[in-house]
Amino acid sequence: MRFPNIKSVKFGYYVRHWTVLGLLLIGMILLLGRALQLQVLDNSRLQAEGRARQVRIVAVKPVRGRILDRRGEVLAISTPVDSIWADPQILSSSNTDLKALTEALELSSGQIESQLHRYADKKFIWLRRHLPPATARLVLDLNIPGVFTLREYHRYYPAGLNAGHVLGFTDIDDHGQEGVERAFDRHLSGVEGKKRVLQDARRTVIEDIDRIKPVYHGRDLVLSIDLRLQTAARRYLAEAVQAHGAAGGSALLLDARTAEVLAMVNLPDFNPNDRSEITGGHFRNRAVTDIYEPGSTVKPFTLSLALSTGSFTPDSLVETSPGFYRIGGWTIHDIKDYGSLTLSRVLIKSSNIGTAKIAMEMAPEELYQTFRDIGFGQITGVELPGEQAGILPNRQRWRASEHATMAYGYGVAVTPLQLARAYGILAADGVMLPVTIRKREQAPSGRRVIPSDVVTEINAMLEKVVSPEGTAQRATVPAYRVAGKTGTVRKLSAEGGYRDDSYQALFAGFAPVSDPRFVVVVVIDEPGLDQYYGGEVAAPVFAKIMTDALRLRGIPGDGDNNTNQIVFSKLEADLGA
Amino acid sequence: MIKSSLFLSLIIFVSAMAVVFVRSDNRQSFLALQAATSERDSLSEEWGRLQLEHATWSLHDLVENEARFKLMMIAPGPEEIVVLRLEPRQ
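Here is what the cut-offs are and how they apply
Residues numbered from 1 in each chain as written. Chains lettered and ligands numbered in written order. Predicted model: local features only at pLDDT ≥ 70, side-chain atom pairs only at ≥ 80, totals over all residues. Heavy atoms only, no water. Helix = DSSP H or I, 4+ residues; strand = E, 2+ residues; numbered from the N terminus. Rg over C-alpha atoms; globule rule 2.2 N^0.38 Å. Areas by Shrake-Rupley, 256 points an atom, 1.4 Å probe, with all protein chains shown as cover. Lys, Arg positive; Asp, Glu negative; His and termini not counted. Charge placed at Lys NZ, Arg CZ, Asp CG, Glu CD. Buried < 20%, exposed > 50% of the residue type's maximum accessible area, 1.4 Å probe, protein only. Salt bridge = Lys/Arg side-chain N within 4 Å of Asp/Glu carboxyl O. Pairing = 2+ DSSP bridges. Axes fitted to C-alpha atoms, helices over the stretch in contact; angles between N-to-C directions. Contact = heavy atoms within 4.5 Å. Domains from an automatic or database assignment. Buried area = accessible area lost by both parts, 1.4 Å probe. Polar contact = N/O pair within 3.5 Å; in protein donor to acceptor, adjacent residues only side chain to side chain. Core = buried A, V, L, I, M, F, W, Y, C linked by side-chain atoms within 4.5 Å.

**Topic: the overall build of chain A**
Each helix and strand in chain A was counted, giving 21 helices and 20 strands. By the compact-globule yardstick of 25 Å for 577 residues, chain A is too spread out, its C-alpha radius of gyration being 37 Å. With the principal axes as the frame, chain A shows a C-alpha extent of 145 × 75 × 50 Å. Per element, the accessible surface of chain A, about 27600 Å² overall, is 52% carbon and sulfur. Computed over 68 positive and 64 negative side-chain charges, the inter-centroid distance for chain A is 10 Å.

**Concerning the overall build of chain B**
In terms of helices and strands, chain B carries 2 helices and 1 strand. Listing the helices and strands of chain B from first to last along the sequence gives α-α-β. Radius of gyration (C-alpha) of chain B: 34 Å, far over the 12 Å computed for a compact globule of 90 residues. Along the three orthogonal principal directions, the C-alpha set of chain B runs to about 105 × 45 × 10 Å. For chain B, buried positions account for 11% of its 90 residues.

**Topic: the pattern of salt bridges**
Residues and elements named next belong to chain A. Per the stated rule, a full pass over the model turns up 31 salt bridges over all chains. A salt bridge links K491 to D525; its shortest N-O distance comes to 3.0 Å. Highlighted residues: K491 in strand β17 (residues 483–492) and D525 in strand β19 (residues 518–525), separated in sequence by 34 residues. Notably, a salt bridge pairs R551 with D548, separated by 3.5 Å at the nearest N-O pair. Of the two residues, R551 and D548 are both situated in helix α20 (residues 534–553); the distance of 3 residues between them amounts to about one turn of the helix. It is possible to trace a salt-bridge network through shared partners that takes in K61, R129, E152 and D173.

**With respect to the sheet that holds β17 of chain A**
Residues and elements named next belong to chain A. Pairing is antiparallel in the open sheet, where 5 strands are placed in the order β10-β9-β19-β18-β17. A single partner strand is all that each edge strand has here, and the edge strands are β10 (261–267) and β17. Here the average twist between neighbouring strands, direction ignored, is 10 degrees. Here strand β9 (residues 248–255) runs beside β10; their pairing, made up of 6 bridges, is antiparallel. Bridge assignment links A251 to a residue of β10, and that residue is V265. In the packing of helix α10 (residues 227–243) onto the sheet, the strands contacted are β9, β10 and β19, and the crossing angle to β10 comes to about 30 degrees. Against the sheet, helix α19 (residues 452–465) makes contact with β17 and β18 (498–511), and its axis sits at roughly 75 degrees relative to β17, the strand it touches most.

**With respect to the domain arrangement of chain A**
Residues and elements named next belong to chain A. The domain architecture assigned to chain A consists of domain 1 (57–222) and domain 2 (227–576). The centre of domain 1, based on its C-alpha atoms, is set 46 Å off from the matching centre of domain 2. Each side of the interface is counted separately: domain 1 has 28 residues, and domain 2 has 28 residues. Between domain 1 and domain 2 lies a buried interface of about 2500 Å² when both sides are counted; carbon and sulfur atoms form 60% of it.

**Details of the side chain of N266 of chain A**
Residue and element names in this part refer to chain A. Locating N266 in the fold gives a position in strand β10. Only 2.7 Å separates the side chain of N266 from the side chain of N285, close enough to count as a polar contact. For N266, the contacting residues outside a window of four places in its chain are H165, L237, G249, S250, R284, N285, R286 and A287.

**Digging into helix α17 (residues 400–407) of chain A**
Residue and element names in this part refer to chain A. Judged by how many residues are buried, α17 sits mostly within the fold: 7 of 8 residues are covered. Every buried residue of α17 is accounted for by S401, E402, H403, A404, T405, M406 and A407. On the buried face of α17, the contacting elements are α13 (299–309), β12 (324–327), β13 (330–333), α15 (352–360) and α16 (364–373). Within two residues after α17, G409 carries a phi angle of roughly 90 degrees, on the positive side.

**As for the nonpolar core**
Residues and elements named next belong to chain A. Judged by nonpolar contacts, the single largest core of 133 residues is most densely connected at L223, F371, I437 and V522. Counting residues per element, this core draws most heavily on α20, at 10 residues. If you count residues domain by domain, this core takes at least three from each of domain 1 (57–222) and domain 2 (227–576). In this structure, L116, L127, A136 and V147 belong to the second largest nonpolar core, which totals 16 residues.

**Some thoughts on the pairing of β18 of chain A**
Residues and elements named next belong to chain A. Where burial is concerned, most of β18 is hidden: 10 out of the 14 residues are buried. Sheet topology note: the β17/β18 ladder contains 9 bridges and is antiparallel. Pairing of T486 across the sheet is with F507, part of β18. Where β17 folds back onto β18 in an antiparallel hairpin, the turn is made up of 5 residues, including G496, whose phi is positive at roughly 95 degrees. Hairpin connection, β18 to β19: the antiparallel pair is bridged by 6 residues.

If you want it as structure tokens, here you go:
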């Protein structure tokens, strides 16, 4: 057995030891050298690179939710735009020519200079907001130091004038200011998020690094409005307001089964896309913010009380001669001397005297309670801003004249929406349903306020109002049975008392009578004096809106002259029984 | 003693490698998310524009004018409409 030479073993060990050590040393020197180069010798270039990219935390703006009509048509939508802002300190010190910038932003000359001067100590000023992204890119391409863009959203309302009051609008910072935009601001607006990003010197985001707080975009809102009917209602109202030289007006269309608002229009109106030259009055959604004395349109409810008490029937006789009636220092007039009228004909002829005499047989508190039950003096809860409750005075002592005039609609005041809700009760067989501006999936449950048999009797009378013997022949819709009531109300003067040169023409009604589907209320404010009766001015608008609603929804006619229905029996083969 | 410290070192090594892989994986996923998000954003922008365009072209007044004056169409009156009603089988 041979032993290895101990000397050669030792030598081999030293060689390997120093080789490894040497390699490690060389590596270490290289690394140190590289570190020295980066940190000390070459740092100006890297510092420039570092300045060029910066990690910042930026806000992520949520996109505001859309507003849709009941059939999914877009009523309001936000699209991205770019706003141009500047850091006055950087921009002023860069000594750039501001002319090109002024031109690209389409500003008047000198505007930027004066802004820079005024806000010289600030770090942020807006130059121009809400530019289309393409225009903003042109501005950025000028490569001016201290000029940056910010992504924002601009709100568009494709329906323009047609739904201005319902929708309202947002301000430039995307906060709802009027209408549904304001009422549902929280639902629509969403929650701002935050993220950490890498930006270049122009503060364009190069890369997202991290999400710090998630952004919650706004939710969509589906309204009960049907844009087709809304557009139609606005056109018919506008035609009537123009033809009669009226100061304004409102029209409402409600679904009788669900109490959804299908159309809500007012004049004067405004275009939510362009509000630059518009003053306060145009923004008012008169259908909920303005109150009117309802006049004769409340007579069906006064008479429903009379029928409910059981002391009257539709055939009870009332003496209205000689065409005026003095009560408590107040004189009530009819258009002419109607003589002796049945209760039915009091409503059909719209006799003030007849209605007042019937109401005097009941306690004023009962009449007050009836009006309270049909929702007068209480907001409807429709979720639109500025809604008024109207006026329904509750007195300790009722003077006879107050009692009598309230019976035919003076001394109380309601919004057009309250009137529509009240007629909705007659259309829904005596049950009051809660009205809404949001789409409903199913009919809501309501509260009975008028007995069913009384409603049937009243509706039969209201159907006669819309006939040659009544006051509203012009509310007729061919092939359908229509019920409704006119109102012609003198406006209050500023000095107190009623004016005889300024009226409101009203019409409220529903159809088809056999199974009511729609309720329509039309109010026309201060029509010209050649025609100002509700039956002449407001009733034709009612008929046009109702005709369109019945046609577009495909509701079969129920009228006497309705011969054009073909009835099929369900065929087993077709339906697979 | 040596055995247990060897074992611990091994575990530390494994965990260190796992951290490396998870971080890398996280980075990859974040990049994918970023790409998907920016694609979604640009698609939703385009969708918004298209919706706006659609709403503008389908404005009821516009469609009505087209129908009434260009195509000479009229709306049928209630007496011209025939309703076909299905009655339940007796």
